[in-house]
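# Geometric and topological summary
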Amino acid sequence: KGEILSSAPVTTTDFCKLLLGQVEGVEQVWIEPVTAKSGSKICKGIFKVLVQPDENITANNNYDQLEADVRRCLMRYRNLGETYEEIIILRPLNIAIKSAILVDDKQPVKETLAYICNTIEQTIHPPVRFLSEAELLAMNKTTGEIYSGPLLSGGFIPDEDLKPRRIQVDPAELTKAISSLDGVLQVKYLYLSTDEKNFGNKPVQVPAGYFPAVDISNSTNDISIISDQVEHHSQDALFWNVFERIKEVRKRHYTGQQGAMADTSLQGVYRDLGR
C-alpha cells in the first residue's frame, strides 16, 4: 500500500510532513506563500518556511545547521516551478507563569501538579504525533487519507496535528485547559510574563521570528496547588517522574512504520491437491 498509494510531496501540507519526518530537530513547521512588496498579491510558487526547533536545537544553539538541513531536504524534493525564498528558524520566546490552582483534596498532589504543568506545555505548543495505520483506521480515517502524500519512516502524521502558528498566548485559554483536568476545582489566578518580572492576565503577543515556549523547570515559574487549605509548590523526584512519563506518552515517535501497520492480509486455508 505504501508503494501504490503514497506519492512524492505535492502540497505545502505534504512538505511540512516531509520535514517533520526526515529532518532531525524540527518540532513544527509552517510553509507560507510569499506576498509581493505591495502586500496585495501572492507570488505564485515562492514560499517562506518557518521552523520551530526542538529542545536539543535550542539548548545547543544549532540553528544554522538546522536551516541547512531543512533547505537541503526541500531542494531535493521541491516541485518544478516552486522555490523557497526564506527559511526562518524561530527562536523561543520564554514565558514565565504564576498561578494558584485549587484541587480536590482526594487527588494526589504531585501527580496532579505534573498533569497541570504538562497541560500548560501541550496547550502552548502541542506536539506532532506519529501514529500507526491501525490507530488512524480506528480514528475512521480511510486508507486513501492515510497514505496521501509522502511515506514517512516514523509513522503517519494526521493533518489535524499541523496547527496554525501561534501568534499569542492567552491566559484564558490556559485556564480553560487546566480547568478541564480531573480533580481541578478552580484556577484562582494565572498570570504570564516574558521578562520574568512583570506578570499580567492579558494575552502575550508573540513577535515575528519567535515561538512561545515555557520551561517548567525554570525557578521563575510559580505554579502552586491548593489542596485541603494547604499550598504546595515543590517539584520533587516524584513530580518529575510523572511529568516526563506523561510527556513521552503524549509525544511519541515510532521507530519503524512497517511494524506498526495493521495486518489486513487474507489468511489462506491449506488444500491437499492430491485429494
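All of these numbers come straight from a predicted model, not from anything done at the bench.

### Examining the overall build of the protein chain
When its secondary structure is counted, the protein chain shows 9 helices and 11 strands. The C-alpha extent of the protein chain, read off along each of the three principal axes, is 80 × 70 × 35 Å. Considering the protein chain as a whole, with its 275 residues, one finds that 41% of them fall into the buried category. A fraction of 74% describes how many contacts in the protein chain between residues 6 or more apart in sequence connect residues 24 or more apart.

### Some points on the sheet that holds strand β3 (residues 83–89)
Strands sit in the order β1-β2-β3 across an open sheet of 3 strands; the sheet is mixed. Strands at the two margins of the open sheet, each flanked by one partner only, are β1 (26–35) and β3. Each adjacent strand pair in this sheet contributes to an overall mean axis angle of 25°, direction not counted. As paired elements, strand β2 (residues 42–53) and β3 share 6 bridges and run parallel to each other. The residue of β3 that forms the bridge with Val-51 is Ile-89. Of the strands in this sheet, β1, β2 and β3 touch helix α2 (residues 12–22), which is tilted by about 150° from β1. Along the sheet, helix α4 (residues 63–77) contacts β1, β2 and β3; its crossing angle with β3, the most-contacted strand, is approximately 155°.

### Considerations on the packing of α2 against α4
Axis separation between α2 and α4 bottoms out at 10 Å; the angle between their running directions is 130°. Relative to α4, α2 is oriented oblique. Our pair here, α2 against α4, has a crossing hand that is right-handed. On the side of α2, the interface is formed by Phe-15, Leu-18, Leu-19 and Gln-22, while α4 contributes Val-70, Cys-73, Leu-74 and Tyr-77. Split by residue class, the contact of α2 with α4 holds 7 nonpolar, 1 polar and no charged.

### A short note on the layout of surface pockets
Its boundaries defined by the atoms lining it, the second largest pocket holds a volume of some 490 Å³. Taken together, 24 residues make up the lining of the second largest pocket; nearest its centre are Glu-55, Glu-121, His-125, Val-214 and Lys-247. For the lining of the second largest pocket, the elements supplying multiple residues, two or more each, are β2, α3 (55–60), β4 (91–94), α5 (109–124), β9 (210–213) and α9 (237–250). Looking at which element gives the most residues to the lining of the second largest pocket, the answer is α9, with 4 residues. Class assignment for the residues of the lining of the second largest pocket results in 10 nonpolar, 6 polar and 8 charged.

### Overview of α5
Here α5 spans 23 Å end to end across 16 residues, near enough to the 22 Å set by a 1.5 Å rise per residue. Along α5, 14 of the 16 residues are buried, which leaves the element largely enclosed by surrounding structure.

### Looking at the environment of Arg-91
Relative to the assigned elements, Arg-91 resides in strand β4. Using a relative accessible area of 33% as the deciding quantity, one classes Arg-91 as partly exposed. Through-space distance from the C-alpha of Arg-91 to that of Ala-213 is 9.3 Å; in sequence the pair is 122 residues apart. If near-sequence neighbours (up to four positions away) are discounted, Arg-91 is found in contact with Tyr-63, Gly-209, Tyr-210 and Phe-211.

### Details of the pattern of salt bridges
Applying the stated criterion to the full structure yields 7 salt bridges. A salt bridge links Lys-17 to Asp-159, with the shortest nitrogen-to-oxygen separation between them at 2.5 Å. With Lys-17 in helix α2 and Asp-159 in the loop between α7 (143–146) and β6 (168–169), this pair connects stretches of sequence that are 142 residues apart. Each of the salt bridges in this network shares a partner with another, and the network as a whole consists of Glu-32, Lys-48 and Arg-165.

### As for the pairing of β2
Relative to β2, β1 runs antiparallel, the two sharing 8 bridges. Looking at β2, one finds that Thr-35 is bridged to Ile-42.

### Some details on empty space enclosed by the protein
Scanning the model with the defined rule gives 1 cavity of 30 Å³ or more in all. Looking at the largest cavity, its volume works out to about 70 Å³. Forming the walls of the largest cavity are Asn-94, Ile-95, Ala-96, Ser-193, Glu-196, Ala-213, Val-214, Asp-215, Asn-218, Thr-220 and Asn-221. Considered class by class, the residues forming the lining of the largest cavity number 4 nonpolar, 5 polar and 2 charged.

### Points about the packing of aromatic side chains
Summed over all chains, the structure comprises 7 aromatic pairs. When the centroid spacing of 6.0 Å and the interplanar angle of 35° are considered together, the rings of Phe-47 and Tyr-84 count as tilted. Taken as a pair, Phe-47 in strand β2 and Tyr-84 in strand β3 lie far apart in primary sequence, 37 residues in all. Neither Phe-47 nor Tyr-84 differs from the other in exposure class; each is buried. Between Tyr-147 and Phe-156 the ring centres are 5.1 Å apart and the planes differ by 80°, which places this aromatic pair in the edge-to-face class. Both residues of the pair, Tyr-147 and Phe-156, belong to the buried class. Taking the ring centre of Tyr-63 as reference, the NZ or CZ of Arg-91 above it sits at 3.8 Å. Seen from the ring of Phe-199, Lys-98 lies directly overhead, with NZ or CZ sitting 4.7 Å from the centre.

What counts, and where the lines are drawn
- Residues numbered from 1 in each chain as written.
- Predicted model: local features only at pLDDT ≥ 70, side-chain atom pairs only at ≥ 80, totals over all residues.
- Heavy atoms only, no water.
- Helix = DSSP H or I, 4+ residues; strand = E, 2+ residues; numbered from the N terminus.
- Buried < 20%, exposed > 50% of the residue type's maximum accessible area, 1.4 Å probe, protein only.
- Contact = heavy atoms within 4.5 Å.
- Pairing = 2+ DSSP bridges.
- Axes fitted to C-alpha atoms, helices over the stretch in contact; angles between N-to-C directions.
- Parallel < 35°, antiparallel > 145°, perpendicular 65-115°, else oblique.
- Left-handed = near helix turned anticlockwise from the far one by under 90°.
- Nonpolar A, V, L, I, M, F, W, Y, C, P; charged D, E, K, R; others polar.
- 1 Å grid on protein atoms, 1.4 Å probe; cavity = no way out; pocket = protein on both sides within 12 Å on 5 of 7 lines; lining within 4 Å.
- Points joined across faces, edges and corners; volume = space filled by probe spheres on them.
- Expected span 1.5 Å × (residues − 1).
- Salt bridge = Lys/Arg side-chain N within 4 Å of Asp/Glu carboxyl O.
- Phe/Tyr/Trp six-rings, centres within 6.5 Å; stacked < 30°, edge-to-face > 60°.
- Lys NZ or Arg CZ within 6 Å of the ring centre and 35° of its normal.

These figures come from the coordinates and say nothing about function on their own.
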